[in-house]
Structures are given as structure tokens and as C-alpha cells.
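Letter by letter, the chains look like this.
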Amino acid sequence: MRIRPRDIGGGILRGFRKILDFVFPQNCIACDDKIQEHVLCASCRDDIGFIRQPYCFQCGVPADISYAFPHEEFVCGVCRQQPYQFDQARSLGFYDTVLRTTIHHFKYRRQMGVLPEMDRLLEKYFEENPDFCQGFTVSPVPLHFNKMKERGFDQAFLIARQVAKISKLPLEGGLLRRVKATSPQATMTRVERARNIKGAFEVNRPELVAGKNILLVDDVFTTGATVNEAAKVLKKKGAGKVHVFTLGRVVVGKDHSAL
Ligand SMILES: [Zn+2]
Ligand SMILES: [Zn+2]
């Protein structure tokens, strides 16, 4: 069969279109409705449940308090029984919403078109919570080297970089390093996760940790075992306050599948 130049042009166009669809899908990634721009339609964007007061002052877990309670003093049962090593943790929204789809497209499908969507969410969150990390150094929870090789990019770093930019804070990408490969934690309980992650981190740059307040950034907070272990090693090297920020928060009773 003779290939005419027009066919070649069409093929290139189709190929280009495929690449464009991959980076900027024409359908909402959550509900599949047609969209003109970005990756989420307006109603799916509205479905992202931002976590707002009332929540536990320490770990940030949303609290079921329906009456006028002094929010600042509320500490959940978990934090009262077995406090975390970090001082405070906050998450942008409930993981079990459109946020899960968004994070998955970003993390497993490397759909970079999701990044501007995340940037908008982060800007909104830090506009509402400007005081959470003032004076902190931003640092991502490191991925293990093998995972980095497998995925080719580090989602915690990308989120941390954006948080630092929005909040005008210094970003230190290499404060911690992962020294132990860990098993996938999806089906583990809090205790199993803590055991699995123990000894996984070391401080890379002790001189940048001692006396500094550090904001640890990750994509999802499930039981807090990973960020807790990271906070522990930072505190051992003399870190001041350690705060944690994640995009998503798994809340027991709201998201059983992720536990
Ligand atoms: Zn949608
Ligand atoms: Zn708590």
C-alpha cells in the first residue's frame, strides 16, 4: 500500500492527540464527563472534602463534635494514649473522595496534567491555613530508591516543592534518606506498619535539622506510621517542632478499603 503524505500527517496528528489526551485528558478523571480544560470537572472539584475544624489538634484527625467545643483543645483518643512523635499533622482533604482518584492518576499513571489541579488545591488550603508552617523548612518524606526508579518521579517531593513555593518557605529535598526497603503497607494495621517502617530513615544533613522546625510532606496519611518514624529520627537529631502535611487523609470508618 502506498502511504500518502496526508496519511503520515494524520498519523502524527493522532499520535500528538494521544499524548495530549494523556497529559490533559478530555474527560474528567473522576466522573468521565467532558471537560474543556484541567483534569477535573467543576462538580468533582467541589466534591473534594477539605478537612476543616473540628479536628484533633495534634494528629489532625477529623472529630465528630457537633456541639460548640473549644476546638483548639481537642485531642483525640489515639494521641492521648500513644502520642505521635510529630507535634502536629494536617491533611488537605479526605482521601476517600475525588482526591483518591487525583492522587492515583498522579502517582501511578504519571499524569502530569494533574499537577496544576493539585497546585490549585494546595493554594486554597494554605490560603485558609496560613499559620500552620510559618518559619518551617519543608522536606518530603523520601521514597526508597527502588521505588523512585520504578516510578521515575517522587510525588512527595513534587507536593513539598509546591507547598514551599506557596508558603514561601525553604525546601530541603534531602534532609532524610531511606535506608531500608519496606513491604507494601496497604493491608497492615498501625502496629504492623510501625514495625515495618522502623529504621527505614536516616538523617542526611544533621546540620540542617538541629534546632530547625521541619514540615514533613507526604501524599497520604493512613495510620501515620511512616511520618511518625521520620519525625522520630528528625527529633533525635535535634529538630525543633516537626509538623506533617499530606494531601489525603484516610479516616477510619470513612475509608475501610485503604486500611
Ligand atoms: Zn467530574
Ligand atoms: Zn489525634
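Read on for a plain summary of the structure.

Scoring rules and cut-offs
- Residues numbered from 1 in each chain as written.
- Chains lettered and ligands numbered in written order.
- Predicted model: local features only at pLDDT ≥ 70, side-chain atom pairs only at ≥ 80, totals over all residues.
- Heavy atoms only, no water.
- Donors = N, O, S within 2.8 Å, 3.2 Å for Na, K, Ca; no water.
- Tetrahedral: all angles 85-135°; square planar, octahedral: opposite > 155°, others 65-115°.
- Buried < 20%, exposed > 50% of the residue type's maximum accessible area, 1.4 Å probe, protein only.
- Helix = DSSP H or I, 4+ residues; strand = E, 2+ residues; numbered from the N terminus.
- Pairing = 2+ DSSP bridges.
- Right-handed = clockwise from strand over helix to strand, strands pointing away.

Side note on the coordination of the zinc ion (ligand 2)
Cys56 (SG), Cys59 (SG), Cys76 (SG) and Cys79 (SG) make up the full set of protein donors to the zinc ion (ligand 2), lying at 2.3 to 2.4 Å. One can describe the site at the zinc ion (ligand 2) as tetrahedral: its four donor atoms subtend angles covering 104 to 115 degrees at the metal. Each donor residue of the zinc ion (ligand 2) lies on one chain, and together they are spaced C-x2-C-x16-C-x2-C. Assessed through its relative accessible area of 7%, Cys76 is described here as buried. On the accessibility criterion, Cys79 (2% relative accessible area) is buried.

A few points about the pairing of strand E5 (residues 214-221)
The element E5 is extensively covered by neighbouring structure, given that eight of its eight residues are classed as buried. Summarising the sheet, strand E2 (residues 137-140) and E5 pair through four bridges and their orientation is parallel. Directly across from Ser139, in E5, lies its bridge partner Leu216.

Brief notes about the pairing of strand E6 (residues 242-249)
Sheet faces and side chains relate simply in a regular strand, where the side chains alternate between the two faces. Along E6, eight of the eight residues are buried, which leaves the element largely enclosed by surrounding structure. Where strand E1 (residues 88-94) and E6 come together, six bridges link them in parallel fashion. In the strand pairing of E6, Gln88 is matched with His243. The pairing of E5 with E6 spans seven bridges and is parallel. Counterpart to Val217 in the pairing with E6 is Phe245. The parallel pair E5 and E6, bridged by helix H9 (residues 225-236), forms a crossover whose chirality is right-handed.

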